[in-house]
Amino acid sequence: MAEDSVLDEIQDNTKEAGQRLRASLNLMRAQGMLDDTNYRELTTRLSTALAMTEAAYLEARRRREM
């Protein structure tokens, strides 16, 4: 089905996006930036983006399995 192809693509894209967001947060952690108040907003936005990306991945997977 075409829908399956689209959902597969969404899963691939969100998986990659999640990996990149995690890498960004890990880099900030390694540089000691996560606890720096100057980067609090960026940390929050990256963490939120990661959570939303993971939710989108799970929703695509759930729909794929229907």
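Before any of the text, the structure's been laid out above.
Residues numbered from 1 in each chain as written. Predicted model: local features only at pLDDT ≥ 70, side-chain atom pairs only at ≥ 80, totals over all residues. Heavy atoms only, no water.

Draft legend 1. Seen up close, helix 1 (residues 2–30). Over its 29 residues, helix 1 runs 42 Å from end to end, which matches the ideal 42 Å to within 8%, given 1.5 Å per residue. Of all the residues in helix 1, the buried ones are L7, Q11, T14, G18, L21, L25 and M28. Among the structural elements, helix 2 (40–64) are those in contact with the buried residues of helix 1. Within two residues after helix 1, G32 carries a phi angle of roughly 70 degrees, on the positive side. (Helix = DSSP H or I, 4+ residues; strand = E, 2+ residues; numbered from the N terminus. Expected span 1.5 Å × (residues − 1). Buried < 20%, exposed > 50% of the residue type's maximum accessible area, 1.4 Å probe, protein only. Contact = heavy atoms within 4.5 Å.)

Draft legend 2. View of the side chain of Q11. Locating Q11 in the fold gives a position in helix 1. Non-local contacts of Q11, meaning those with residues more than four positions away in its chain, are made with Y57, A60, R61 and R64.

Draft legend 3. A look at the packing of helix 1 against helix 2. Between helix 1 and helix 2, the least distance of the axes is 9 Å, while the angle of their chain directions is 155 degrees. Judged on the interaxial angle alone, helix 2 and helix 1 are roughly antiparallel. Here helix 1 and helix 2 pass one another in a crossing that is left-handed. Taken together, the residues of the contact of helix 1 with helix 2 sort by class into 13 nonpolar, seven polar and eight charged. (Axes fitted to C-alpha atoms, helices over the stretch in contact; angles between N-to-C directions. Parallel < 35°, antiparallel > 145°, perpendicular 65-115°, else oblique. Left-handed = near helix turned anticlockwise from the far one by under 90°. Nonpolar A, V, L, I, M, F, W, Y, C, P; charged D, E, K, R; others polar.)

Draft legend 4. View of the nonpolar core. If you look at the biggest cluster of nonpolar residues, it comprises five residues: L21, L25, M28, L46 and L50. Mapped onto this core, the elements with two or more residues apiece are helix 1 and helix 2. At three residues, the largest contribution of residues to this core is made by helix 1. Beyond its immediate sequence surroundings of up to four residues, L46 is in contact with L21, S24, L25 and M28. (Core = buried A, V, L, I, M, F, W, Y, C linked by side-chain atoms within 4.5 Å.)

Draft legend 5. Region of interest: the pattern of salt bridges. Evaluated as defined, the whole model comprises seven salt bridges. Here D8 makes a salt bridge to R64, at a shortest N to O gap of 2.8 Å. Within this pair, whereas D8 is found in helix 1, its partner R64 is found in helix 2, the two being separated by 56 residues in sequence. Owing to a relative accessible area of 31%, R64 belongs among the partly exposed residues under this scheme. Across the pair R63 and E59 runs a salt bridge whose closest N-O atoms are separated by 2.7 Å. With R63 and E59 both in helix 2 and four residues apart, the pair spans about one turn of that helix. Members of the salt-bridge network, linked through shared partners, are D4, D8 and R64. (Salt bridge = Lys/Arg side-chain N within 4 Å of Asp/Glu carboxyl O.)

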